[in-house]
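Descriptive structure summary
Here is what each chain is made of, one letter per residue.
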Amino acid sequence: MKEFDQLSESEILALAISLEEEDERFYSDLSEALRHNFPTSAALFDGIGIEESNHRRKLIELYRQKFGEHIPYIGRQDVKGFIQRKSVWLYQPINLEKIRKQIGVMEMESWRFYHKAAKRTQDASIRQLLDDLAQEEQIHINLAEDLEHKNINESVRAQESESQRRLFLLQIVQPGLAGLMDGSVSTLAPLFAAAFATHSTWAAFLVGLAASVGAGISMGFAEALSDDGALTGRGHPWMRGGICGLMTALGGIGHTLPFLITNFTLALSISFIVVLVELLLISWVRHRYMDTPAFAAVVQVMFGGILVFLAGVLIGNS
C-alpha cells in the first residue's frame, strides 16, 4: 500500500472516484436489502446514494479535463489509513441502528479524505472541487439524521421496529429456540439411560457429549436445508443452521457437564437441577419472544421434558 502523502493529483482524483463508486454501491445494496421490510429507510438511503453519484460525476468530469479519458483504479485497499468496510450482506440480520451509526462513520471518513486531499493539491480547479466536496460531506455527515427526522415519523418508526422484531424472531430466536429445545430435551433419554444403566459418571458424560454433538450437527443441517430464506424472509440458511446447531449442542452439553464429577449421586443431582433451569429458560424465551402465555409455556415444555427424562430412567433401569 502507498502512503496518502505519496499520491499525485491524478491518483488522488482516481482514488476519490473509486471511493464515491464504492459509497454509491453501498447505498444501492443497502436500499435493496431494506426495501421489502423497511421501505421508508430504503427511500432515505436512495437519496444519499444520489448525492454520492453526483459527487462521482463531478470528479470524473474534472479528471477528463485534466488527465484524459483513462482513469486507473485505485481503491481504499491500495492506500494506507482507510477503514475497511463490511459489505451489506455481512450486516445480516439487518439492524437499522447499527447501519445508521456505520453511515455516520463512513461520511466522517469521506470528509477527512477530501479535507486532507484539498490541502495536498496545487491545481486551483482540483483544489476547488475537493474543497467543495469536503463541505458537502460535512453536510452529508448529518444528512442521514436529517432525512430520518424529516421522512420517518413515529408511525413509520413503529412499523420499522415491528419489522425489525419480526426479522429477529425469524432469523435468530426461532432457530435458536428450536435448537435449544431439541438439545435440552432429546439428549435427556440417552444421558440418563446411560447414567442409570452404568452408574458411571464418565460413561454418562461420553454418551451425553456424543448425543449433544450429534444432535447439534443434525439440527444444524436440517435447519440450513429447510429453505433458502428467499421467500420466507428467514435469513441466510447457513446462519440459521449455525445458530440452531450451536444452541442444540449447548442445550445438551449443559446437563452433561455435571457428570464430569466423579460422585455419581452429586453429578446426578446437579444435572437434574440444570435440566430444570434449562426448561424454565426455554419457557421464558417462548413467553418473552413467541407470545406464548407463561403458564402454557411452562406446562408444555416441562411436560415434554419430564416424559423424555422418565423414558431415559426407565430404559436405564430395565
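Here we summarise the structure given alongside this text. Just so we're clear, the structure is a prediction, and the values are computed from it rather than from any experiment.

Time to look at the overall build of the chain. If you tally the helices and strands in the chain, you get 11 helices and zero strands. Going from the N terminus to the C terminus, the chain shows its helices and strands as α-α-α-α-α-α-α-α-α-α-α. The 318 residues of the chain split such that 43% are buried. Taking contacts inside the chain between residues at least 6 apart in sequence as the whole, the part at least 24 apart equals 74%.

Turning next to the packing of aromatic side chains. This structure, assessed with the given rule, holds eight aromatic pairs. Between Y27 and F45 the ring centres are 6.4 Å apart and the planes differ by 20°, which places this aromatic pair in the stacked class. Placement of Y27 in helix α1 (residues 9-34) and of F45 in helix α2 (residues 39-67) is noted, with a sequence separation of 18 residues between them. Its relative accessible area of 0% is what places Y27 among the buried residues.

The subject of this paragraph is helix α8 (residues 201-224). When the terminal C-alpha atoms of α8 are compared, their 34 Å separation across 24 residues agrees well with the 34 Å that a helix rising 1.5 Å per residue should span. What α8 keeps buried is the set T201, A204, F205, G208, S212, A215, G216, G220, E223 and A224.

Our focus in this paragraph is the nonpolar core. Counting 25 residues, the largest nonpolar core has L15, L59, V79, F113, Y114 and L130 as its most contacted members. Within the residue set of this core, elements represented by two or more residues are α1, α2, α3 (96-120) and α4 (124-140). Residue contributions to this core peak at seven residues, all from α1. The residues contacting L15, other than those within four sequence positions of it, are L7, I74, G75, R76, V79, F82 and F113. Membership of the second largest hydrophobic core comes to 22 residues, among which are F205, F264, A267 and L279.

The subject of this paragraph is the pattern of salt bridges. For the structure shown, the criterion picks out 10 salt bridges. In this structure, the salt-bridge partner of E22 is R76, at a minimum N-O distance of 3.0 Å. Separated by 54 residues along the polypeptide, E22 in helix α1 and R76 in the loop between α2 and α3 bring together distant segments of the chain. The class for E22 is partly exposed, based on a relative accessible area of 27%.

Turning our attention to the packing of helix α7 (residues 188-198) against α8. Where α7 meets α8, the closest approach of the two axes is 8 Å, and the angle between their N-to-C directions is 165°. Between α7 and α8, the angle falls in the class roughly antiparallel. α7 and α8 meet at a crossing whose hand is right-handed. Counting all contacts with α7, which are made through P190, L191, A194, A195 and T198, the residues of α8 involved are A203, A204, V207, G208 and A211.

What follows deals with the side chain of S10. Locating S10 in the fold gives a position in helix α1. The class for S10 is buried, based on a relative accessible area of 18%. Of note is the side chain of S10, whose polar atom sits 3.1 Å from the side chain of S8. S10 has contacts with Y63 and F67, leaving out every residue within four places of it along the chain.

A cluster of nonpolar side chains, contributed by L209, V213, I217, F221, L225 and W238, occupies part of the molecular surface with about 610 Å² of accessible area. Structurally, F221 can be placed in helix α8.

What follows concerns the environment of L246. The topology assignment puts L246 in helix α9 (residues 237-254). According to the relative accessible area criterion, L246 is exposed, its value standing at 52%. Along the chain, L246 and S212 lie 34 residues apart, while their C-alpha atoms are 9.8 Å from each other.

The subject of this paragraph is the side chain of E20. Mapped onto the fold, E20 is located in helix α1. Those residues in contact with E20 that sit more than four places away from it in its chain are E52, H55, R56, L59, Y114 and E137.

Quick notes on the rules
- Residues numbered from 1 in each chain as written.
- Predicted model: local features only at pLDDT ≥ 70, side-chain atom pairs only at ≥ 80, totals over all residues.
- Heavy atoms only, no water.
- Helix = DSSP H or I, 4+ residues; strand = E, 2+ residues; numbered from the N terminus.
- Buried < 20%, exposed > 50% of the residue type's maximum accessible area, 1.4 Å probe, protein only.
- Contact = heavy atoms within 4.5 Å.
- Phe/Tyr/Trp six-rings, centres within 6.5 Å; stacked < 30°, edge-to-face > 60°.
- Expected span 1.5 Å × (residues − 1).
- Core = buried A, V, L, I, M, F, W, Y, C linked by side-chain atoms within 4.5 Å.
- Salt bridge = Lys/Arg side-chain N within 4 Å of Asp/Glu carboxyl O.
- Axes fitted to C-alpha atoms, helices over the stretch in contact; angles between N-to-C directions.
- Parallel < 35°, antiparallel > 145°, perpendicular 65-115°, else oblique.
- Left-handed = near helix turned anticlockwise from the far one by under 90°.
- Polar contact = N/O pair within 3.5 Å; in protein donor to acceptor, adjacent residues only side chain to side chain.
- Patch = residues over 30% accessible without salt bridge, like charges linked within 9 Å, V, L, I, M, F, W, Y side chains within 5 Å.
- Areas by Shrake-Rupley, 256 points an atom, 1.4 Å probe, with all protein chains shown as cover.

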